[in-house]
Amino acid sequence: MKLTPTMRHLKDILTSGVAVGGLEISATSLKYLLVKNETIIQASLRLPPGIIEKGAIKNRKNFIEALKNLHGQISPANKIVASILTLPSNLVFTQSFSVPIIEKEHLEESIKLNLQMISPNKIEDSYYDWQEIKINKDLGQLELLGAFAARIVIDEFTTALTEAGFNCVAVEFPGLALARLIRERWGGIEAEQQYLLIYVNSEGLLLVILKNGNVYFNHFTLWQNAAIAGSTFTFDQIKNFLSQELQRVVNFYVGRAGKQISEAILISPVFNYEIVKMISEQMNIKIRNLTIAELPKLQPNWFPVLGSGL
């Protein structure tokens, strides 16, 4: 899903033979990953506090310097690095919707009208796009996911990337990148099965419902917004919040779809055992950890950027 229609088209980049890697920006780090044939280029840089806060750039000068530093780990300064940019989840609003299956010329008009209706802000102030979730022939409907991000915020990131020697081909969010990774590189997913994806990192909790291997629902909460302060915390501090959020999302899906979620996929570099135990005891859900056979040593916090790199 490309949120930046004014940028160079991804197809043109790929057919030109230019290598396109994944680039993830968060409040605490920059990560770049390129997998091409059997070659892996991996680079990262920790960001000091105050450069990125709640997904927004607070110190542009230091941010560009950090990007240049990362660029230097990847290639010479005079070489442009093409990348798919993954931005913090809280910058993107998503919502699923359905349209009737009609002729293509009218379908695009129907989709555009629905996107305008569900947009959280003025449509002209946003970058937005959609992708297919599932074709429901029985109901004569096409299920879609719409995604929106504030144009002014995205432009701040992409112009900074350009100054630092990066070519931003497209912009996406972690839930979309992880869904692609699971669909294309994990052998455990079944097309007709719905999954609850749980991704825990130092910044917050991401809960995604996957339907037909695609993002159906995407919900992210910063730890600080959940009244959990500090960069380090214990499982006891997040246990109640985690339990409540999981139940809320499951209840939401049951209310919308009329069916239970029976399987979950966990991506967590911390509290892995505790989360599996809690879900097994409290919820009737089978939970498995996401592992990528080709890159067994890759840490879970690299999975979003790997998904973008694909």
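The model shown is predicted, which means the values in this text are computed figures rather than measured ones.

We now examine the overall build of the chain. On a plain count of helices and strands, the chain comes out with eight helices and 15 strands. The C-alpha radius of gyration computed for the chain amounts to 19 Å, which stays within 12% of the reference 19 Å derived for 310 residues, consistent with globular compactness. In terms of its C-alpha atoms, the chain occupies a principal-axis envelope of roughly 55 × 55 × 40 Å. Burial analysis of the chain (310 residues in total) assigns 52% to the buried set. The long-range share in the chain, meaning contacts at least 24 apart out of those at least 6 apart in sequence, stands at 66%.

With that out of the way, let us pick up helix α6 (residues 235-257). For α6, with 23 residues, the first-to-last C-alpha span of 31 Å sits near the 33 Å given by 1.5 Å per residue. The set of residues buried in α6 consists of Phe235, Ile238, Phe241, Leu242, Ser243, Glu245, Leu246, Val249, Val250 and Tyr253. Buried residues belonging to α6 abut β11 (195-200), β12 (204-211), β13 (214-222) and α7 (272-282). Remark: glycine 258 follows α6 within two positions and exhibits a positive phi of approximately 75 degrees.

Here three strands make up an open sheet; going across it, the order is β7-β9-β8 and the pairing antiparallel. The open sheet has two edge strands, β7 (92-100) and β8 (126-136), and neither has a second partner. Along the sheet, successive strands turn relative to each other by an average axial angle of 25 degrees, direction set aside. Examined bridge by bridge, β7 and strand β9 (residues 141-150) share nine bridges and lie antiparallel to one another. Bridged to serine 98 within β9 is glutamate 143.

One can describe the packing of helix α2 (residues 60-74) onto helix α4 (residues 151-163) by two numbers: an axis separation of 9 Å at closest approach and a directional angle of 50 degrees. In terms of axis orientation, α2 runs oblique to α4. Considering how the two elements wind past one another, α2 and α4 form a crossing that is right-handed. Between α2 and α4, the residues in contact are Arg60, Phe63, Ile64, Leu67 and Lys68 and Glu156, Phe157, Thr159, Ala160, Leu161 and Glu163, respectively. Of the residues in the contact of α2 with α4, the class split is six nonpolar, one polar and four charged.

So, on to the packing of aromatic side chains. Inspection of the entire model under this criterion finds nine aromatic pairs. When the ring of phenylalanine 217 is compared with that of phenylalanine 252, the centres are 4.5 Å apart and the planes differ by 35 degrees; the resulting orientation is tilted. Of this pair, phenylalanine 217 sits in strand β13 while phenylalanine 252 sits in helix α6, and the two are 35 residues apart along the sequence. Ring geometry for tryptophan 223 and phenylalanine 233: centres 5.1 Å apart, planes at 65 degrees, overall edge-to-face. Here tryptophan 223 is found in the loop between β13 and α6, whereas its partner phenylalanine 233 is found in the loop between β13 and α6, with ten residues between them in sequence. A relative accessible area of 14% means that phenylalanine 233 is categorised as buried. One aromatic cluster is present, built from ring pairs that chain together Trp223, Phe233, Phe235, Phe241 and Phe271. Here the guanidinium or amino end of lysine 31 rests over the ring plane of tryptophan 302, the centre of that ring lying 6.0 Å away. Taking NZ or CZ as reference, arginine 151 lies 4.2 Å from the ring centre of tyrosine 127, over its face.

Once that is clear, we can look at the sheet that holds strand β10 (residues 166-172). Strand order across the open sheet formed by five strands is β3-β2-β1-β6-β10, with mixed pairing between neighbours. Two strands close off the open sheet at either side, each with one partner strand: β3 (39-46) and β10. Along the sheet, successive strands turn relative to each other by an average axial angle of 20 degrees, direction set aside. Sheet topology note: the strand β2 (residues 29-36)/β3 ladder contains eight bridges and is antiparallel. Residue lysine 31 lies in a different strand from β3, and its bridge partner there is serine 44. Where α2 meets the sheet, it contacts β1 (20-25), β2, β3, β6 (81-86) and β10, and its direction lies at approximately 155 degrees from that of β3.

Parameters at a glance
- Residue positions within a chain follow its written sequence, with the count starting from 1.
- Per-residue local features of the predicted model are confined to residues with pLDDT of at least 70, and side-chain atom pairs are confined, for both listing and counting, to 80 or more; whole-chain, interface and lining totals are unaffected and use all residues.
- Calculated side-chain values reflect all of the structure's heavy atoms, with hydrogen atoms and water omitted.
- Helical segments are the DSSP runs of H or I of at least four residues, strand segments are the runs of E of at least two, and each set is numbered from the N terminus.
- Radius of gyration here is computed from C-alpha atoms only, and the compact-globule reference equals 2.2 Å multiplied by the residue count raised to the power 0.38.
- When a residue's accessible area, from a 1.4 Å probe over protein chains only, is under 20% of the maximum for its type it is buried; when over 50% it is exposed; and in between it is partly exposed.
- When checking whether two residues touch, look at their non-hydrogen atoms; a contact exists if any pair is within 4.5 Å.
- What a helix should span is 1.5 Å times the count of its residues minus one.
- Pairing between two strands requires that DSSP report at least two bridges joining them.
- Fitted lines through C-alpha atoms serve as axes, helices being fitted only where they are in contact, and the angles separating the N-to-C directions of these axes extend from 0 to 180 degrees.
- Orientation categories follow fixed angle ranges, with anything under 35 degrees roughly parallel, anything over 145 roughly antiparallel, 65 to 115 roughly perpendicular, and all other angles oblique.
- When the near helix sits turned anticlockwise from the far one by under a right angle, the crossing is termed left-handed; a clockwise turn instead gives a right-handed crossing.
- Put simply, Ala, Val, Leu, Ile, Met, Phe, Trp, Tyr, Cys and Pro go in the nonpolar bin, Asp, Glu, Lys and Arg in the charged bin, and everything else, Gly too, in the polar bin.
- Note on ring pairs: Phe, Tyr and Trp rings are taken, using the six-membered ring of Trp, and paired if centres are within 6.5 Å. Classes follow the plane angle, with under 30 degrees stacked, over 60 edge-to-face and the rest tilted.
- Ring-over charges, as used throughout, are those where CZ of Arg or NZ of Lys falls within 6 Å of the ring centre and within 35 degrees of the ring normal.

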